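Notes for the structure review
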Amino acid sequence: KTVGGVQCGLEPGTDRQVTSTQATDVAVIGAGIIGLAVALRIALQGKSLTLIDRQPPGRACSYGNAGVIASDSIEPLASLKTLREIPRNLAGHNSPLALHPRYLLRALPWLARFAFAARRFDDGVSALRTLQSHSLSAFTSLLDDAGCANLLQPRGHLLVSEDPGNKAELIAKQRWLEAHGIAAIWMTRDRLQALAPDLIPAVYGGLYFPDTAHVIDPYRVCRSLAKAVEKAGGCILRADVRRIESVTDDRFVLQTDGPSVKAGKLIIAAGAGSRRLARQLGHRLPLDVERGYHLTASGLLPELRLPVAGHERHTYMTPMSDGLRITGFVEMG
């Protein structure tokens, strides 16, 4: 595809790569779900747009996740509860969290800010509630515009427990969420069986969140958004942004391993790489790296109609078009 005299979508370093300068109204760095969503909205407004990523759209974190549109998630990770659980979660083979010892010194400034942010828990709840109140309707509209609404399943999700000693904690969570306008329904094992017949006998109950949804293939969602961006006139450039300069006429020049891009507006949505790029413009973001893992099982699978989260296991299981997606482990380092 040719936009502004520059061919888009070519591999960096190939003989066909064009090395001239491309001018665009808006440049978006990062072709994950955030960058793709922003790019589509801008392209549909009729502005010239260039979306830049060194990988194909949706191939990083947006590829390997639980696929849940968790509009119930209004509890900030930075909380006193999280801080109390860190020592236990770092211990043992089966813990859901790992922090590499060699990375600890480098992470200390961020960890200190994380601990300080826990003191503003209520402010975080308010901010997240404001965002989440629109998240599912906005995501539904986005997929409608991209022509892939069939990939979204508005069936809610479950948070199940295998330890009866945790029932009081879950009931307290239910009441807290309901006080903030989030629907959460306590379900006994018999009621859970209707939604997830193959749960093991140890599951005695859990919470059902009816107003959430999941996608059956996060990567297909991203590819659909990418096609919609190009159909709306946007350019997707496969390149690695090496340097960003803010020039005198209030524009940005992006030096890549392919063509340079000159943009009137710049949006950085590069995930963990955003910290390095923002620093080139004088912004020091309190951003650190978190790596997640997933596996997708195929073959003979349990019958699940909706995602199931394990309260004690800290995992999600999501039924997807290619199998059962299982996520949950977090690694810093």
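Whatever comes next refers back to the structure up there.
Here we summarise the structure given alongside this text. (Residues numbered from 1 in each chain as written. Predicted model: local features only at pLDDT ≥ 70, side-chain atom pairs only at ≥ 80, totals over all residues. Heavy atoms only, no water.)

A tally of helices and strands in the protein chain yields 8 helices and 19 strands. The C-alpha atoms of the protein chain give a radius of gyration of 22 Å, which matches the 20 Å a tight globule of 333 residues would have. When its C-alpha atoms are laid out on the principal axes, the protein chain stretches across 65 × 45 × 35 Å. Taking all 333 residues of the protein chain together, the buried fraction comes to 42%. Taking the contacts inside the protein chain whose residues are at least 6 apart along the sequence as the reference set, 69% of them involve residues at least 24 apart. Total accessible area on the protein chain is roughly 17,600 Å²; 54% of this is exposed by carbon and sulfur atoms. (Helix = DSSP H or I, 4+ residues; strand = E, 2+ residues; numbered from the N terminus. Rg over C-alpha atoms; globule rule 2.2 N^0.38 Å. Buried < 20%, exposed > 50% of the residue type's maximum accessible area, 1.4 Å probe, protein only. Contact = heavy atoms within 4.5 Å. Areas by Shrake-Rupley, 256 points an atom, 1.4 Å probe, with all protein chains shown as cover.)

Moving on to helix H4 (residues 121–146). Three- or four-residue spacings in an α-helix give side chains the same orientation, since the helix completes a turn every 3.6 residues. When the terminal C-alpha atoms of H4 are compared, their 36 Å separation across 26 residues agrees well with the 38 Å that a helix rising 1.5 Å per residue should span. Along H4, the largest kink reaches about 40° and is centred on Ser 135. All buried positions along H4 are accounted for by Gly 124, Val 125, Gln 132, Ser 135, Leu 136, Phe 139, Leu 142, Leu 143 and Ala 146. (Expected span 1.5 Å × (residues − 1). Bend = angle between axes of the 7 residues up to and from the residue.)

Moving on: the sheet that holds strand S4 (residues 49–53). In a beta sheet, neighbouring strands pair by backbone hydrogen bonds and run either parallel or antiparallel. Taken in spatial order, the 6 strands line up as S12-S4-S3-S15-S14-S13 in an open sheet, and their pairing is mixed. Strand pairing shows two members of the sheet lacking a second neighbour, strand S12 (235–238) and strand S13 (241–247), which therefore form its edges. Each strand of the sheet is rotated relative to its neighbour by a mean of 40°, with strand direction disregarded. Helix H1 (residues 33–44) contacts strand S3 (21–29), S4 and strand S15 (260–268) of the sheet and is inclined by roughly 165° relative to S4. (Pairing = 2+ DSSP bridges. Axes fitted to C-alpha atoms, helices over the stretch in contact; angles between N-to-C directions.)

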